[in-house]
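Commentary on secondary and tertiary structure
For reference, the chains in residue letters:
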Amino acid sequence: MYQSILVPLDGSARAERILPHVEALAIRFKSRVLFLQVLNPLQVANISLHVSGIHTDLIAQSLKDFNRRYEEVQQYLAGWQGEFREKGIDARKFVEQGTIVETIMMVANRENADLIAMASHGRTGMSRVFYGSVAAGVLQLVDRPMLLVRSRNLEKPA
């Protein structure tokens, strides 16, 4: 039923709450799992804002910071890819740069994902207005099935 499942992650334990569900689906349907993390353009804003020769040291530092972040994300996704492969699940990883919601949809289309599976952080009120909601944004644009799990606070009540 689902040949390919796209799983956007942001490196948080909350986002990873979707993974047991994806694992079960992938095993049941022999699906390929596509792990994705999007690097937001704001993370490299210094590079584009300081193009003149005056700020070459800032550009060099920004490029170094971006490359370090890119490698960290590659390693993070490689860890999940390895765990899923050990369980016999075909898994791939993608690190893309762009606006988060649009990039998720672009990768879903490019890789022909049959399902987008992700956790929602469950923000409400002003935090949702201020931070936005990636899940809500994807839900507005999605043209295929979507599995959405609400991820509540990970801390246990005292």
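In what follows, the accompanying structure is described. (Residues numbered from 1 in each chain as written. Predicted model: local features only at pLDDT ≥ 70, side-chain atom pairs only at ≥ 80, totals over all residues. Heavy atoms only, no water.)

1. Some remarks on helix α1 (residues 19-29)
Of the residues making up α1, those classed as buried are Leu19, Val22, Leu25 and Ala26. Looking down the long axis of α1, one finds its buried residues gathered within 125° of arc, a one-sided arrangement. Of the exposed residues in α1, those oriented more than 90 degrees away from the buried face are Pro20 and Arg28. In the segment just after α1, Lys30 is the residue with positive phi, at about 55°. (Buried < 20%, exposed > 50% of the residue type's maximum accessible area, 1.4 Å probe, protein only. Helix = DSSP H or I, 4+ residues; strand = E, 2+ residues; numbered from the N terminus. Arc of directions from axis to C-beta.)

2. Comments concerning helix α4 (residues 100-110)
Along α4, the residues classified as buried are Val101, Thr103, Ile104, Met105, Val107 and Ala108. Close packing links the buried residues of α4 with β1 (4-8), β2 (32-39), β3 (91-97), β4 (115-120) and α6 (134-141). In the segment just after α4, Asn112 is the residue with positive phi, at about 55°. (Contact = heavy atoms within 4.5 Å.)

3. Here we look at the side chain of Arg144
Along the polypeptide, Arg144 turns up in the loop between α6 and β5 (146-150). At 2.9 Å, the side chain of Arg144 and the side chain of Asp143 are in polar contact. Leaving out residues up to four positions away in the same chain, Arg144 has contacts with Ala108, Asn109, Asn112, Ala113, Asp114 and Ile116. (Polar contact = N/O pair within 3.5 Å; in protein donor to acceptor, adjacent residues only side chain to side chain.)

4. Examining the packing of aromatic side chains
According to the stated counting rule, one finds 3 aromatic pairs in the structure shown. Relative to Phe29, the ring of Tyr2 lies with its centre 5.6 Å away and its plane at 90°, an arrangement referred to as edge-to-face. Taken together, the residues span a long stretch of sequence, with Tyr2 in the segment before β1 and Phe29 in helix α1 at a distance of 27 residues. Residue class for Tyr2 comes out buried when judged on its relative accessible area of 16%. Taking the relative accessible area as the measure of exposure, Phe29 reaches 25% and is therefore partly exposed. (Phe/Tyr/Trp six-rings, centres within 6.5 Å; stacked < 30°, edge-to-face > 60°.)

5. A look at the pairing of β4
The element β4 is largely enclosed, with a buried count of 6 among its 6 residues. Residues of β4 alternate between two faces, with Leu115, Ala117 and Ala119 on one and Ile116, Met118 and Ser120 on the opposite face, all of them buried. Taken together, the 2 bridges between β1 and β4 define a ladder with parallel strand orientation. If you follow Ile5 over to β4, its bridge partner there is Leu115. In terms of strand pairing, β4 meets β5 through 5 bridges, oriented parallel. Across the sheet, the residue bridging to Ala119 is Val149, located in β5. (Pairing = 2+ DSSP bridges.)

6. As for the pattern of salt bridges
Scanning the model with the defined rule gives 8 salt bridges in all. In this structure, the salt-bridge partner of Arg69 is Glu72, at a minimum N-O distance of 3.7 Å. Placement of both Arg69 and Glu72 in helix α3 (residues 56-86) is noted, with a separation of 3 residues, approximately one turn of the helix. Among the residues examined, Arg69 registers a relative accessible area of 27% and is labelled partly exposed. Take Glu72: its relative accessible area is 36%, and that puts it in the partly exposed class. The partner of Arg110 in a salt bridge is Glu111, and the shortest N-O contact between them spans 3.0 Å. Overlapping salt bridges bring together Arg32, Asp90 and Arg92 as one network. (Salt bridge = Lys/Arg side-chain N within 4 Å of Asp/Glu carboxyl O.)

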